[in-house]
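# Structural overview for review
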Amino acid sequence: MHVRILGSLEVTRGGLPLALGGTKQLAVLAMLALRVNRMVSMDFLVDGLWESAPPTDPTNVVQVYLSRL
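As the structure is a prediction and not an experimental result, all values here were calculated from the model.

Right, let's talk about the pattern of salt bridges for a bit. Tallied over the full model, the rule gives one salt bridge. Here Arg4 and Glu10 are joined by a salt bridge, their closest N and O atoms 2.8 Å apart.

Below is the structure:
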(Lines give C-alpha, C1' and ligand atoms only; values in the text may rest on other atoms or scores of the structure.)
Protein backbone atom coordinates (compact mmCIF):
# COMPACT_ATOMS: atom_id res chain seq x y z
CA MET A 1 0.00 0.00 0.00
CA HIS A 2 1.27 3.46 -0.91
CA VAL A 3 -0.07 6.74 0.46
CA ARG A 4 0.67 9.86 -1.57
CA ILE A 5 0.04 13.12 0.22
CA LEU A 6 1.72 15.65 -2.07
CA GLY A 7 -0.75 16.91 -4.63
CA SER A 8 -4.01 14.99 -4.49
CA LEU A 9 -4.28 12.53 -1.61
CA GLU A 10 -4.14 9.04 -3.06
CA VAL A 11 -3.78 5.51 -1.72
CA THR A 12 -2.89 2.67 -4.04
CA ARG A 13 -2.58 -1.07 -3.55
CA GLY A 14 -0.95 -3.10 -6.27
CA GLY A 15 -0.82 0.04 -8.39
CA LEU A 16 -4.59 0.48 -8.28
CA PRO A 17 -6.20 3.47 -6.53
CA LEU A 18 -8.44 2.78 -3.54
CA ALA A 19 -11.74 4.54 -2.84
CA LEU A 20 -11.18 6.75 0.19
CA GLY A 21 -14.55 8.33 0.93
CA GLY A 22 -15.60 11.91 1.45
CA THR A 23 -13.79 15.07 2.41
CA LYS A 24 -13.76 14.55 6.19
CA GLN A 25 -12.66 10.92 5.85
CA LEU A 26 -9.83 12.05 3.54
CA ALA A 27 -8.84 14.64 6.13
CA VAL A 28 -8.60 11.92 8.80
CA LEU A 29 -6.38 9.86 6.53
CA ALA A 30 -4.16 12.86 5.77
CA MET A 31 -3.77 13.70 9.46
CA LEU A 32 -2.79 10.10 10.20
CA ALA A 33 -0.39 9.93 7.24
CA LEU A 34 1.37 13.09 8.35
CA ARG A 35 1.96 11.53 11.77
CA VAL A 36 3.03 8.04 10.75
CA ASN A 37 4.45 5.96 13.62
CA ARG A 38 3.23 8.47 16.20
CA MET A 39 0.18 8.41 18.43
CA VAL A 40 -2.65 10.64 17.25
CA SER A 41 -5.18 11.73 19.86
CA MET A 42 -8.91 11.89 19.30
CA ASP A 43 -8.78 15.56 20.34
CA PHE A 44 -6.26 16.26 17.56
CA LEU A 45 -8.52 14.62 14.96
CA VAL A 46 -11.67 16.37 16.21
CA ASP A 47 -9.94 19.77 16.26
CA GLY A 48 -8.56 19.19 12.77
CA LEU A 49 -11.93 18.21 11.37
CA TRP A 50 -14.25 20.76 12.97
CA GLU A 51 -12.22 23.49 14.72
CA SER A 52 -15.08 25.37 16.41
CA ALA A 53 -18.31 23.52 15.62
CA PRO A 54 -17.99 19.74 16.14
CA PRO A 55 -21.05 17.50 15.93
CA THR A 56 -22.80 16.35 19.10
CA ASP A 57 -20.73 13.14 19.31
CA PRO A 58 -17.50 13.82 17.39
CA THR A 59 -15.73 10.74 18.79
CA ASN A 60 -18.32 8.45 17.26
CA VAL A 61 -18.10 10.24 13.90
CA VAL A 62 -14.29 9.94 13.83
CA GLN A 63 -14.56 6.26 14.75
CA VAL A 64 -16.89 5.75 11.78
CA TYR A 65 -14.39 7.46 9.44
CA LEU A 66 -11.59 5.29 10.82
CA SER A 67 -13.56 2.07 10.42
CA ARG A 68 -14.36 2.95 6.80
CA LEU A 69 -10.69 3.52 6.06
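Here the narrative resumes, following the displayed structure.
Turning our attention to the side chain of Thr12. The residue Thr12 is located in strand β2 (residues 10–13) in this model. Given a relative accessible area of 5%, Thr12 falls into the buried group. Not counting the four nearest positions on each side in its chain, Thr12 is found in contact with Met1, His2, Arg4 and Pro17.

Right, let's talk about the packing of helix α1 (residues 23–33) against helix α2 (residues 42–50) for a bit. Running from N to C, α1 and α2 cross one another at 135°; their axes reach a closest spacing of 10 Å. What the angle tells us is that α1 and α2 run oblique. Crossing geometry of α1 relative to α2 is assigned as right-handed. Residue-level contacts link Lys24, Ala27, Val28, Met31 and Leu32 of α1 to Phe44, Leu45, Gly48, Leu49 and Trp50 of α2. Of the residues assigned to the contact of α1 with α2, the class counts are eight nonpolar, one polar and one charged.

Cut-off values and rules
Residues numbered from 1 in each chain as written. Predicted model: local features only at pLDDT ≥ 70, side-chain atom pairs only at ≥ 80, totals over all residues. Heavy atoms only, no water. Salt bridge = Lys/Arg side-chain N within 4 Å of Asp/Glu carboxyl O. Helix = DSSP H or I, 4+ residues; strand = E, 2+ residues; numbered from the N terminus. Buried < 20%, exposed > 50% of the residue type's maximum accessible area, 1.4 Å probe, protein only. Contact = heavy atoms within 4.5 Å. Axes fitted to C-alpha atoms, helices over the stretch in contact; angles between N-to-C directions. Parallel < 35°, antiparallel > 145°, perpendicular 65-115°, else oblique. Left-handed = near helix turned anticlockwise from the far one by under 90°. Nonpolar A, V, L, I, M, F, W, Y, C, P; charged D, E, K, R; others polar.

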